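# Remarks on the overall topology
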Amino acid sequence: MKPKVQFRLRIYRDDSIVIGPGKVALLEAIAETGSISAAARHIGMSYRRAWVLIDETNKGLKSPVVDTATGGSRGGGTALTPMGLDLIRRYRAVEEKAREAAATDIAALTRLLAP
(Lines give C-alpha, C1' and ligand atoms only; values in the text may rest on other atoms or scores of the structure.)
Protein backbone atom coordinates (compact mmCIF):
# COMPACT_ATOMS: atom_id res chain seq x y z
CA MET A 1 0.00 0.00 0.00
CA LYS A 2 1.47 3.35 -1.08
CA PRO A 3 1.42 6.08 1.57
CA LYS A 4 -0.52 9.27 0.90
CA VAL A 5 0.91 12.64 1.95
CA GLN A 6 -1.45 15.58 2.11
CA PHE A 7 -0.86 19.22 3.01
CA ARG A 8 -3.77 21.04 4.64
CA LEU A 9 -3.07 24.77 4.33
CA ARG A 10 -5.76 26.97 5.84
CA ILE A 11 -5.83 30.74 5.99
CA TYR A 12 -8.04 32.25 8.67
CA ARG A 13 -9.58 35.66 9.07
CA ASP A 14 -10.57 35.92 12.70
CA ASP A 15 -12.20 32.52 13.46
CA SER A 16 -13.31 31.80 9.90
CA ILE A 17 -11.35 29.75 7.36
CA VAL A 18 -11.30 31.95 4.27
CA ILE A 19 -9.00 29.76 2.17
CA GLY A 20 -8.61 26.04 2.67
CA PRO A 21 -8.55 22.70 0.88
CA GLY A 22 -12.32 22.20 0.80
CA LYS A 23 -12.99 25.67 -0.54
CA VAL A 24 -10.30 25.32 -3.19
CA ALA A 25 -11.70 21.93 -4.25
CA LEU A 26 -15.16 23.50 -4.50
CA LEU A 27 -13.84 26.36 -6.64
CA GLU A 28 -12.08 23.87 -8.93
CA ALA A 29 -15.30 21.88 -9.25
CA ILE A 30 -17.24 25.07 -10.10
CA ALA A 31 -14.66 25.90 -12.77
CA GLU A 32 -15.09 22.38 -14.18
CA THR A 33 -18.89 22.18 -14.05
CA GLY A 34 -20.02 25.80 -14.43
CA SER A 35 -22.52 25.35 -11.61
CA ILE A 36 -22.50 25.46 -7.83
CA SER A 37 -25.06 22.65 -7.58
CA ALA A 38 -23.18 20.43 -10.05
CA ALA A 39 -19.90 21.21 -8.29
CA ALA A 40 -21.40 20.29 -4.92
CA ARG A 41 -22.68 16.97 -6.31
CA HIS A 42 -19.31 16.34 -7.95
CA ILE A 43 -17.45 16.55 -4.65
CA GLY A 44 -20.18 14.98 -2.49
CA MET A 45 -21.34 18.13 -0.74
CA SER A 46 -24.80 19.56 -0.22
CA TYR A 47 -25.81 22.59 -2.27
CA ARG A 48 -26.42 24.53 0.95
CA ARG A 49 -22.95 23.70 2.30
CA ALA A 50 -21.39 24.78 -1.00
CA TRP A 51 -23.20 28.14 -0.81
CA VAL A 52 -22.07 28.63 2.80
CA LEU A 53 -18.44 27.97 1.82
CA ILE A 54 -18.64 30.35 -1.14
CA ASP A 55 -20.27 33.01 1.04
CA GLU A 56 -17.58 32.66 3.74
CA THR A 57 -14.87 32.97 1.12
CA ASN A 58 -16.49 35.97 -0.56
CA LYS A 59 -16.91 37.76 2.78
CA GLY A 60 -13.28 37.16 3.73
CA LEU A 61 -11.71 38.38 0.50
CA LYS A 62 -11.48 41.78 -1.15
CA SER A 63 -13.68 40.66 -4.05
CA PRO A 64 -15.93 37.67 -4.86
CA VAL A 65 -14.56 34.36 -6.13
CA VAL A 66 -17.58 33.52 -8.32
CA ASP A 67 -20.01 35.24 -10.68
CA THR A 68 -23.48 33.74 -10.73
CA ALA A 69 -26.23 34.08 -13.30
CA THR A 70 -29.75 33.39 -12.11
CA GLY A 71 -31.79 30.69 -13.77
CA GLY A 72 -34.34 31.14 -16.48
CA SER A 73 -35.32 29.35 -19.63
CA ARG A 74 -31.67 28.53 -20.34
CA GLY A 75 -30.76 27.97 -16.70
CA GLY A 76 -28.24 29.85 -14.64
CA GLY A 77 -24.59 29.28 -14.21
CA THR A 78 -21.53 30.11 -12.20
CA ALA A 79 -18.06 31.11 -13.30
CA LEU A 80 -14.95 31.91 -11.33
CA THR A 81 -13.86 35.50 -11.15
CA PRO A 82 -10.23 36.49 -11.68
CA MET A 83 -9.96 36.44 -7.85
CA GLY A 84 -11.23 32.84 -7.77
CA LEU A 85 -8.82 31.73 -10.48
CA ASP A 86 -5.90 33.48 -8.77
CA LEU A 87 -6.81 31.93 -5.42
CA ILE A 88 -6.70 28.39 -6.89
CA ARG A 89 -3.46 29.03 -8.76
CA ARG A 90 -1.67 30.44 -5.73
CA TYR A 91 -3.02 27.81 -3.32
CA ARG A 92 -1.85 24.96 -5.56
CA ALA A 93 1.53 26.71 -6.05
CA VAL A 94 2.04 26.88 -2.26
CA GLU A 95 1.19 23.17 -1.98
CA GLU A 96 3.68 22.27 -4.72
CA LYS A 97 6.46 24.41 -3.25
CA ALA A 98 5.86 22.90 0.19
CA ARG A 99 5.96 19.38 -1.29
CA GLU A 100 9.23 20.13 -3.07
CA ALA A 101 10.81 21.76 -0.02
CA ALA A 102 9.81 18.90 2.25
CA ALA A 103 10.45 16.01 -0.17
CA THR A 104 13.50 14.65 1.66
CA ASP A 105 11.80 14.71 5.05
CA ILE A 106 8.57 13.28 3.65
CA ALA A 107 10.53 10.38 2.11
CA ALA A 108 12.25 9.77 5.46
CA LEU A 109 8.94 9.84 7.32
CA THR A 110 7.23 7.47 4.92
CA ARG A 111 10.11 5.02 5.31
CA LEU A 112 9.14 4.82 9.00
CA LEU A 113 5.74 3.36 8.12
CA ALA A 114 5.07 -0.31 8.69
CA PRO A 115 4.93 -2.41 5.52
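Everything here concerns the structure above.
Below you will find a few notes about this structure. (Residues numbered from 1 in each chain as written. Predicted model: local features only at pLDDT ≥ 70, side-chain atom pairs only at ≥ 80, totals over all residues. Heavy atoms only, no water.)

## A few points about the packing of helix 1 (residues 21-33) against helix 4 (residues 82-101)
Remark: helix 1 packs on helix 4, axes separated minimally by 10 Å, with the N-to-C direction vectors making an angle of 125°. On the basis of their axis angle, the class for helix 1 and helix 4 is oblique. Note that helix 1 runs across helix 4; the crossing there is left-handed. Taken together, the residues of helix 4 that come into contact with helix 1 (itself represented by P21, V24, A25, L27 and E28) are G84, L87, I88, Y91 and R92. Split by residue class, the contact of helix 1 with helix 4 holds seven nonpolar, one polar and two charged. (Axes fitted to C-alpha atoms, helices over the stretch in contact; angles between N-to-C directions. Helix = DSSP H or I, 4+ residues; strand = E, 2+ residues; numbered from the N terminus. Parallel < 35°, antiparallel > 145°, perpendicular 65-115°, else oblique. Left-handed = near helix turned anticlockwise from the far one by under 90°. Contact = heavy atoms within 4.5 Å. Nonpolar A, V, L, I, M, F, W, Y, C, P; charged D, E, K, R; others polar.)

## Overview of unusual backbone geometry
Even without being glycine, D14 reaches a positive phi, approximately 60°. Along the chain, D14 falls in the loop between strand 1 (11-13) and strand 2 (16-19). On the basis of relative accessibility, which here comes to 71%, the residue D14 falls in the exposed class. (Buried < 20%, exposed > 50% of the residue type's maximum accessible area, 1.4 Å probe, protein only.)

## Describing the nonpolar core
L27 and I30 are the most contacted members of the largest nonpolar core, which totals 20 residues. Elements represented by at least two residues in this core include exactly strand 2, helix 1, helix 2 (36-42), helix 3 (47-60) and helix 4. Residue contributions to this core peak at five residues, all from helix 1. Setting aside chain neighbours within four positions, we find I30 in contact with S35, I36, A39, I54, V66, T78 and L80. (Core = buried A, V, L, I, M, F, W, Y, C linked by side-chain atoms within 4.5 Å.)

## A closer look at helix 1
Along its 13 residues, helix 1 runs 18 Å from first to last C-alpha, staying within 8% of the 18 Å computed at 1.5 Å per residue. All buried positions along helix 1 are accounted for by P21, K23, V24, L26, L27, A29 and I30. Residues of helix 1 that are buried in the fold lie against strand 2, helix 2, helix 3, strand 3 (66-69), strand 4 (77-80) and helix 4. Positive phi shows up at G34, right after helix 1, with a value of about 75°. (Expected span 1.5 Å × (residues − 1).)

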